Amino acid sequence: MSEGSFTETTTTSWWARIKSAFAGILVGLALIPLSSVLIFWNEGRAVQTARSLAEGAGLVVPAPAERVDAALDGRLIHLTAPMRANAPLSDPEFGVAAPGALRLVRQVEMYQWREETRSETRDRLGGGQETVTTYSYSLGWSSQPIDSSRFRQPQGRSNPPMRWRGQEVVARDGRIGPFALTQAQLSGFGTPEALRLDPATSRLPLGGQVLDGQVYVGADPAQPRLGDMRISFAVVSEGMGSVIARQAGQGLAAYQTQAGDALFLLRPGAATASEMIAAAESANRILTWALRAVGAVLMFLGFAMILRPLVVLAAVVPLFGSIMSAGTGLVAGVLTLVLAPVVIAVAWFWYRPLVAILVLAVGLAGAAGMAWLARRRRALTPATPG
């Protein structure tokens, strides 16, 4: 079967929508407290991390890059020194050796069938719904195996098993200056850069060739066929690195702060202690706002699901359903703008009361603005003739 697409139309009765909407109330009632717990926990986590970083900034001391100073054992130290691995990394399956690398990453892609879906739902007179789903099929590269048996139309689109998978090899005996680093500490370190393979030393599988520094398994790279594979490699090389951690004999470990977090900061390149603390503070702020957004979205969905039966009841006439959907969405937004800042404020009252008052004021101002927009919208909507 070739690339292409087909559409499928399904209908949902008004009665089925009603049952689903009322069942959704239970999910909505669960989402609101769960989202509140997430938001509250996130605020506590953010404050704890901020305090831990501030504590670390006041305790960190410089350590010499040439030797281990026993007098600093157990202290929070900062060090900038060369990073190295005492043994070369390798991927014996493909004969790849990477001397001078801290990490060796194998990246694998296979040319396989992919399914994409696109749905459009329309309300029908009487409260029912009609959903038109378009299924599109095409061949393309993917780093993950795609289970073609789950396709809506799997016939003639069967993906073969993925013979090789991506993997990472991390130095067992990495070091930064005079200190040893564990594999766990180096895992995920740095940004891998492409490693071009040498055809003369690479161990190629049957049907494989080195093309543009990577292995291609297939007949014609210009015209890939189902099951063809691309295998490339990337490395994080030795170089200067900077670390903030607890000195533990000849090695390094996380430093447990009184504020609650365990500090272990490792990054490529030369960076001062203040620069590393500032980068960690910035990452903490980004994570805090991301989790706030997730919590607010979950809370909004919870309120929207509780109000969903009103939309379905009004959807007997599609126009009324659309109006009710917009109205309940506005109500859910107002309730979220009220409750989410209240949860944040309660959490901050526990940690930082002055900031909590400011957050609560902003939330109430946002809710008041939404309510004003709702009143203005009702005022501008022409009355239905009696």
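Residues numbered from 1 in each chain as written. Predicted model: local features only at pLDDT ≥ 70, side-chain atom pairs only at ≥ 80, totals over all residues. Heavy atoms only, no water.

### Observations concerning the pairing of strand E3 (residues 76-85)
Side chains on a regular strand alternate between the two faces of the sheet.
At step 1: When you tally the buried positions in E3, you get 7 out of 10 residues, the bulk of the element.
At step 2: Examined bridge by bridge, strand E2 (residues 61-62) and E3 share 2 bridges and lie parallel to one another. Paired with Val 61 across the two strands is Ile 77, which belongs to E3. (Buried < 20%, exposed > 50% of the residue type's maximum accessible area, 1.4 Å probe, protein only. Helix = DSSP H or I, 4+ residues; strand = E, 2+ residues; numbered from the N terminus. Pairing = 2+ DSSP bridges.)

### Brief notes about helix H3 (residues 273-314)
At step 1: Its 42 residues give H3 an end-to-end C-alpha distance of 61 Å, which sits within 8% of 62 Å, the value for a rise of 1.5 Å per residue.
At step 2: Of all the bends in H3, the greatest reaches close to 45° and is centred on Leu 307; the proline Pro 309 follows between one and four positions later. (Expected span 1.5 Å × (residues − 1). Bend = angle between axes of the 7 residues up to and from the residue.)

### Re the pattern of salt bridges
At step 1: All chains considered together, the criterion is met by 10 salt bridges.
At step 2: In this structure, Arg 17 and Asp 123 form a salt bridge, with 3.7 Å as the shortest nitrogen-oxygen distance. Of this pair, Arg 17 sits in helix H1 (residues 14-59) while Asp 123 sits in strand E6 (residues 101-123); the two residues are 106 residues apart in sequence, bridging distant segments of the chain.
At step 3: The buried category is assigned to Arg 17, whose relative accessible area is 6%.
At step 4: Using a relative accessible area of 32% as the deciding quantity, one classes Asp 123 as partly exposed.
At step 5: Among the salt bridges present, the one from Asp 91 reaches Arg 106, with a minimum N-O distance of 2.8 Å. You can see Asp 91 sitting in strand E4 (residues 89-91) and its partner Arg 106 sitting in strand E6, a full 15 residues away along the chain. Pair check on accessibility: Asp 91 and Arg 106 agree, each one buried. (Salt bridge = Lys/Arg side-chain N within 4 Å of Asp/Glu carboxyl O.)

### Thoughts on unusual backbone geometry
At step 1: Positive phi values are uncommon outside glycine, yet Asp 212 reaches one of about 55°.
At step 2: With respect to the helices and strands, the residue Asp 212 is situated in the loop between strand E12 (208-211) and strand E13 (214-217).

### Notes on the packing of aromatic side chains
Within a pair of aromatic rings, the relevant descriptors are the distance that separates the centres and the angle that separates the planes.
At step 1: Per the counting criterion, the structure on display carries 7 aromatic pairs.
At step 2: Considering the side-chain rings of Trp 141 and Tyr 216, the 6.1 Å spacing of their centres and the 75° angle between planes classify their relative orientation as edge-to-face. Of this pair, Trp 141 sits in strand E7 (residues 129-142) while Tyr 216 sits in strand E13; the two residues are 75 residues apart in sequence, bridging distant segments of the chain.
At step 3: Using a relative accessible area of 3% as the deciding quantity, one classes Tyr 216 as buried.
At step 4: Grouped by ring-pair contacts, the aromatic residues Phe 6, Tyr 135, Tyr 137 and Phe 151 constitute a single cluster.
At step 5: Over the ring of Trp 289 we find Arg 292; its NZ or CZ atom is 4.4 Å from the centre of that ring. (Phe/Tyr/Trp six-rings, centres within 6.5 Å; stacked < 30°, edge-to-face > 60°. Lys NZ or Arg CZ within 6 Å of the ring centre and 35° of its normal.)

### Section: the environment of Leu 252
At step 1: Residue placement: Leu 252 occurs in strand E16 (residues 251-253).
At step 2: Along the chain, Leu 252 and Leu 181 lie 71 residues apart, while their C-alpha atoms are 6.8 Å from each other.
At step 3: Residue contacts for Leu 252: discarding those within four places in its chain leaves Ile 77, Ile 176, Phe 179, Ala 180, Leu 181, Gln 185, Val 243, Ala 245, Arg 246, Gln 247 and Phe 264. (Contact = heavy atoms within 4.5 Å.)

### Here's the deal with the packing of H1 against helix H4 (residues 318-351)
At step 1: Relative orientation of the contacting elements H1 and H4 amounts to 35°, with a least axis distance of 9 Å. Crossing of H1 against H4: the hand is right-handed. Residue-level inspection shows Ile 32, Ser 36, Ile 39, Phe 40, Glu 43, Gly 44, Val 47 and Arg 51 of H1 in contact with H4, the latter providing Leu 339, Ala 340, Val 343, Ile 344, Val 346, Ala 347, Trp 348 and Tyr 351.
At step 2: In terms of residue class, the contact of H1 with H4 is built from 12 nonpolar, 2 polar and 2 charged. (Axes fitted to C-alpha atoms, helices over the stretch in contact; angles between N-to-C directions. Left-handed = near helix turned anticlockwise from the far one by under 90°. Nonpolar A, V, L, I, M, F, W, Y, C, P; charged D, E, K, R; others polar.)

### A short note on the nonpolar core
At step 1: Residues Met 83, Ile 176, Leu 186, Met 229, Ile 231, Leu 252 and Leu 266 are the most contacted members of the largest nonpolar core, which totals 39 residues.
At step 2: Put simply, the parts of the chain that give this core at least two residues each are E3, strand E5 (96-98), E6, strand E10 (179-181), E13, strand E14 (229-237) and strand E15 (239-248).
At step 3: Apart from the residues within four sequence positions on either side, Met 229 is in contact with Val 108, Glu 109, Met 110, Trp 141, Met 162, Arg 163, Trp 164, Val 215, Tyr 216 and Val 217.
At step 4: If you look at the next biggest cluster of nonpolar residues, it comprises 12 residues, including Leu 53, Ile 244, Leu 263 and Met 276. (Core = buried A, V, L, I, M, F, W, Y, C linked by side-chain atoms within 4.5 Å.)

### Concerning the packing of H1 against H3
At step 1: Close contact between H1 and H3 brings their axes to 7 Å; oriented N to C, the two are set at 165°. One way to sum up the angle between H1 and H3 is to call them roughly antiparallel. You can see that H1 and H3 cross each other, and the crossing is left-handed. (Parallel < 35°, antiparallel > 145°, perpendicular 65-115°, else oblique.)

All we've got here are geometric facts, nothing functional implied.
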